[in-house]
Amino acid sequence: MKRIITMCMALVSAALMLASVASAEEGSSHPAQAKDAAARQCAAERKADRDAFEAVYGEHAMRKCIKGETDDSRAEVRNAAQECRAERAADPDAFSDPNAFGKCVSSKARAEDDEDSDEFKNAAKACKAERAEDGDLFRDTYGSEQSRGKNAFGKCVSSTVKDDDDDDEMDDDDDTTDDDEMDDDDTTDDGETTDDGETPTA
């Protein structure tokens, strides 16, 4: 019975992903598709560490998670669609299959979901280790006075995930800056470009 339920859930998830992909292809941002994507992400986080998931989101955890993740999921689908459009423009033959674009967006969106769930799982693991080292210090560091430190674990996980996301964004910005600087180095004053980046001599 559990196997049948699992298969049904997988089919529903696939159908929801196709709906999101179709929306991405058309450039739509219908709230329902973003919510479906957020539900998949939240289910992955809950599967990664249920205790951490409930600690972070509290009562009605799934509902709160979906509400908080919807905007991020919408952006992820849009970004995946943009990347796939660029790949299709660069290599149209690779997208000759009618379902190629949808598969491209789906795979990129799922890869992002997997990365996010891994970050959540790693954050929970790190916070559990920190709590085990010194429980009192852990509660004082992360817990609020109103909860008497009872919410420390959830606060630790959410702040750790946020720090990881901020670090990833900084790395992406650094990579973009480095690429721009390399392009500038390879361009001469009169707009000519050499193979080794050096300015040609007269």
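Heads up: the structure comes first, above all this text.
Criteria and cut-off values
- Residues numbered from 1 in each chain as written.
- Predicted model: local features only at pLDDT ≥ 70, side-chain atom pairs only at ≥ 80, totals over all residues.
- Heavy atoms only, no water.
- 1 Å grid on protein atoms, 1.4 Å probe; cavity = no way out; pocket = protein on both sides within 12 Å on 5 of 7 lines; lining within 4 Å.
- Points joined across faces, edges and corners; volume = space filled by probe spheres on them.
- Helix = DSSP H or I, 4+ residues; strand = E, 2+ residues; numbered from the N terminus.
- Nonpolar A, V, L, I, M, F, W, Y, C, P; charged D, E, K, R; others polar.
- Phe/Tyr/Trp six-rings, centres within 6.5 Å; stacked < 30°, edge-to-face > 60°.
- Buried < 20%, exposed > 50% of the residue type's maximum accessible area, 1.4 Å probe, protein only.
- Lys NZ or Arg CZ within 6 Å of the ring centre and 35° of its normal.
- Disulfide = S-S within 2.5 Å.
- Axes fitted to C-alpha atoms, helices over the stretch in contact; angles between N-to-C directions.
- Parallel < 35°, antiparallel > 145°, perpendicular 65-115°, else oblique.
- Contact = heavy atoms within 4.5 Å.
- Core = buried A, V, L, I, M, F, W, Y, C linked by side-chain atoms within 4.5 Å.

(A) Fine view of empty space enclosed by the protein. Tallied over the entire structure, the rule returns 2 cavities of 30 Å³ or more. Its boundaries defined by the atoms lining it, the second largest cavity holds a volume of some 40 Å³. Around the second largest cavity, the lining residues are Ala37, Arg40, Ser73, Glu76, Val77, Ala109 and Asp113. Elements supplying a minimum of two residues to the lining of the second largest cavity: α2 (31–48), α4 (61–90) and α5 (100–133). With 3 residues, the top contributor of residues to the lining of the second largest cavity is α4. Looking at the lining of the second largest cavity residue by residue, the class counts come to 3 nonpolar, 1 polar and 3 charged.

(B) Fine view of the packing of aromatic side chains. A complete count under the given rule lists 2 aromatic pairs for this structure. Here the aromatic rings of Phe53 and Tyr57 are separated by 5.0 Å at their centres, their planes lie at 55 degrees, and the arrangement is tilted. Linking Phe53 with Tyr57, this pair stays in helix α3 (residues 50–57), spanning 4 residues, or about one helical turn. Tyr57 carries the same exposure label as Phe53, and that label is buried. Relative to Tyr142, the ring of Phe138 lies with its centre 5.1 Å away and its plane at 50 degrees, an arrangement referred to as tilted. Pair noted here: Phe138 and Tyr142 are both in helix α6 (residues 135–142), with a separation of 4 residues, about one helical turn. Exposure remark for Phe138: the relative accessible area of 2% places this residue in the buried category. In this arrangement the basic side chain of Arg131 is found over the ring face of Phe153, its NZ or CZ atom lying 4.6 Å from the centre.

(C) Focus on the state of the cysteines. Inspection of every chain in the model, using the stated rule, returns 3 disulfides. The side chain of Cys84 participates in a disulfide bridge whose partner is Cys104; the two sulfur atoms lie 2.0 Å from each other. For the disulfide bridge between Cys84 and Cys104, the dihedral angle about the S-S bond is near -95 degrees, and by the sign convention the bridge is left-handed. Placement of Cys84 in helix α4 and of Cys104 in helix α5 is noted, with a sequence separation of 20 residues between them. Comparing Cys84 with Cys104 shows no difference in burial state: the two are buried. By sequence-ordered numbering of the bonded cysteines, the protein has its disulfides arranged as 1-2, 3-4, 5-6.

(D) Quick look at the packing of α3 against α4. Here α3 crosses α4 at 70 degrees, and the two axes come no closer than 9 Å. The pairing of α3 with α4 is recorded here as roughly perpendicular in orientation. On the side of α3, the interface is formed by Phe53, Glu54 and Tyr57, while α4 contributes Ala61, Met62, Lys64, Cys65 and Glu69. Class assignment for the residues of the contact of α3 with α4 results in 5 nonpolar, no polar and 3 charged.

(E) Quick peek at the nonpolar core. By size, the foremost hydrophobic cluster in this structure holds 18 residues, and its most contacted members are Ala52, Phe53, Phe120, Cys127, Phe138, Phe153 and Val157. The element best represented in this core is helix α7 (residues 152–185), accounting for 5 residues. Other than its neighbours up to four places away in sequence, Ala52 contacts Phe120, Ala124, Phe153 and Val157. If you look at the next biggest cluster of nonpolar residues, it comprises 8 residues, including Cys84, Ala100, Phe101 and Cys104.

(F) Spotlight on the side chain of Gln41. Within the secondary structure layout, Gln41 lies in helix α2. According to the relative accessible area criterion, Gln41 is buried, its value standing at 1%. When sequence neighbours within four positions are dropped, the list of residues in contact with Gln41 reads Glu69, Asp113, Asp116 and Ser117.

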